[in-house]
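# An overview of the molecular structure
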Amino acid sequence: MLPTLSGDLRNGNNESMSISYTINPIFHIRHLKLESFLWNLVIRAALHHNLSPHSPFSVYLRMRRHSVTPDFHTFPFLLPSFNNPTHLPLGRRTHAQILLFGLHADPFVRTSLLNMYSSCGDLASAHRVFDESISKDLPAWNSVANAYAKAGSIDVARKLFDEMPERNVISWSSLISGYVTCGRNREALGLFREMQLSKIRPNEFTLSAVLSACGRLGALEEGKWVQAYVDKYNVEIDVVLRTSLIDMYAKCGSLERAKLVFVSLGCKKDVKAYSAMMCCFAMYGLTEECFQLFSEMASNNINPNSVTFVGLLGACVHGGLVEEGRSYFAMMVEKFGITPSIQHYGCMVDLYGRAGLIEEAERFIASMPVEPDELIWGSLLSGSRTLGDVKTCEAALKKLIELDPLSSGAYVLLSNVYAKTGRWIEVKHSFLQVKGIKKVPGCSSVEVDGVIHEFVVGDESEEESESIYAMLGEVMQRLREEAGYVSDTKEVLLDLDEEGKVKTLSYHSEKLAIAFCLMKTRPGTPVRIIKNLRICGDCHLVMKLISKLYGREIVVRDCNRFHHFRDGSCSCRDYW
């Protein structure tokens, strides 16, 4: 038997119906006898008020109470109000009503059902609706493919995409965005190139996803091409697209271009643009510039949001500004009424940890109103590692393992502490614990002539690997002879003799990447390297020396921040 709505009319929906009475004066008519057309308009108006989903649903209940039969417009207006897993029960009951009135074959109703189930996280029901469709039109194909892409089942989404009898810009954009969300950025850019060959013009949503992929890969040339495309075809630069451009240029190591985009907005700058630029300054350790932008926002009467304070607190972290961090955190809560997210708490723990205030970091964690996650314990572990505080490291590691038993990063950080204190038995024990757990290898990538080249430790996959190693040998020899370079072997986590440690350090991925760039680019050409892990102290020193001896500007983006090397010094001032 199909669910009925009588129970909802008798109990449980009085509160939601009162909301409808409040926002819809039409309900004050005692004996309401309106056609479905007018009821549909009221349902749509209730939806656009962004109130509880019970509000449009209660309008529908009232409509049925007055014996008005819904039509094929009613449910496409009603179903979008069910957009997260908690709304699924009401969504299913609405589906029952659709079947009851025989409207399930209508293409608009069917697509709305698909979207509802995917928004509520019920992919099985979404696919069932799709499979039961007599005629599958393009919106239906797009809806089900997008549902899988959003859920992270990108290979299923790609299979559906390949089976589509036709495609439009929504089809391409959804899959490109899905690849980016899953971290498969190379495939996202590859699909974008296919889209160009198909003669379908991308929209703002497509270009924003492509820019995100470019930023993550450090594909500056491709990102510049996207901006040229926007200019050539007069694509409207909305809030999302302009912040995507700022973010892409900054992540690709071209802060000057990011600033140009920001400045070009003129009086159109809003809180999203300001926040994006402030986060960029924070990543580069430019604390004063970040603070100045915040002051500019205030003078322009633009209120900050949650992301703004992520940028401010991040700037404090990279600048080691504990008092300023405390002040901004208090301002966020007390002056602007912003509830701190786990990112804000993570910044504060990181700030205390880097400053050596481990006990204060622990007290801060204990006072948090939310459960600490991997970000919090990872920040504490990282801070205590820097200080060589083995006891706190071990405590943080225990918490991390409880939350994520398959993460190898925590074991590596703890091993680093043991190695620096010469506790090799504990180092070996840590590596035994990590056996069977997938370790993330150190990887560095560079873009040369529009092509991304990737390197891992001891990599020999490049066609010119022999020449790269020869070049690296020449570079290291010159650093020793002309700059007095000595390998920082305490960074090596293996119990090797001194010669073995020096050899291990020599083949770190960022060193291979810089050797390749010195070999392949003209003298004076800036070098931009993307590193997936934290740059080690020895590689940091090598980059400083190369920037001076070879006259190169080098930008390294590691997992924590940007390092801008110029004339023998780094923008981080050796604080990272």
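Residues numbered from 1 in each chain as written. Predicted model: local features only at pLDDT ≥ 70, side-chain atom pairs only at ≥ 80, totals over all residues. Heavy atoms only, no water.

Our working rule: UniProt positions are given in the numbering used here, feature names are shortened, and annotations may be inferred rather than shown by experiment.
An unreviewed UniProt entry lists the protein under the name DYW domain-containing protein, with Brassica napus as the source organism. We quote the UniProt Sequence similarities (unreviewed entry) comment for the protein here in full: "Belongs to the PPR family. PCMP-H subfamily."

### Quick notes on the layout of surface pockets
Note the cut-off: Cavity and pocket criteria rest on a 1 Å grid covering protein atoms alone: a 1.4 Å probe that fits but cannot get out defines a cavity, protein on both sides within 12 Å along at least 5 of 7 lines defines an open pocket, and an atom within 4 Å of a point defines a lining residue. Grid points are joined across faces, edges and corners, and a volume is the space filled by probe spheres set on the points. Working definition: helices are DSSP H or I runs of at least four residues, strands are E runs of at least two. Numbering for both runs from the N terminus. Under the scheme applied here, ten amino acids are nonpolar (Ala, Val, Leu, Ile, Met, Phe, Trp, Tyr, Cys and Pro), four are charged (Asp, Glu, Lys and Arg), and all others, including Gly, are polar.
For the second largest pocket, the calculated volume is near 400 Å³. Taken together, 19 residues form the lining of the second largest pocket, with E447, V448, D449, T525 and P526 sitting closest to its centre. Of all the secondary structure elements, the ones that give two or more residues to the lining of the second largest pocket are α14 (220–232), β1 (443–448), α29 (509–520) and β3 (527–531). A per-class count over the lining of the second largest pocket returns eight nonpolar, four polar and seven charged.

### Some thoughts on the nonpolar core
For clarity, the cut-off: Take the buried Ala, Val, Leu, Ile, Met, Phe, Trp, Tyr and Cys residues and link them wherever side-chain atoms come within 4.5 Å; each set so joined is a nonpolar core. Only protein chains enter the accessibility calculation, which uses a 1.4 Å probe; a residue whose area is less than 20% of its type maximum is buried, one above 50% is exposed, and one in between is partly exposed. In what follows, residue pairs with any heavy atoms lying within 4.5 Å of each other are defined as contacts.
Ranked by size, the top nonpolar core spans 123 residues in total, and within it I246 and M277 carry the most contacts. When near neighbours in sequence (up to four residues on either side) are disregarded, M277 contacts I246, L255, A258, K259, F262 and L293. If you look at the next biggest cluster of nonpolar residues, it comprises 33 residues, including M476, A513, I514 and L518.

### Considerations on the pairing of strand β4 (residues 554–557)
To keep things clear, this is the line we draw: Pairing between strands is defined by DSSP: at least two bridges between the two strands are required. If you view a crossover with the strands going away from you and the path from the first strand over the helix to the second runs clockwise, you call it right-handed.
The alternating pattern of β4 places I554 and V556 on one face and V555 and R557 on the opposite face, and all of these are buried. Pairing geometry for β3 and β4, over four bridges, is parallel. Across the sheet, R528 pairs through a bridge with V555, a residue of β4. Tracing the backbone out of β3, into helix α30 (residues 537–549) and back to the parallel element β4 gives a crossover that is right-handed. In this sheet, strand β5 (residues 562–566) lies alongside β4 in antiparallel orientation, the contact comprising four bridges. Paired with I554 across the bridge in β5 is F565. In this antiparallel pair of consecutive strands, β4 and β5, the connection spans four residues.

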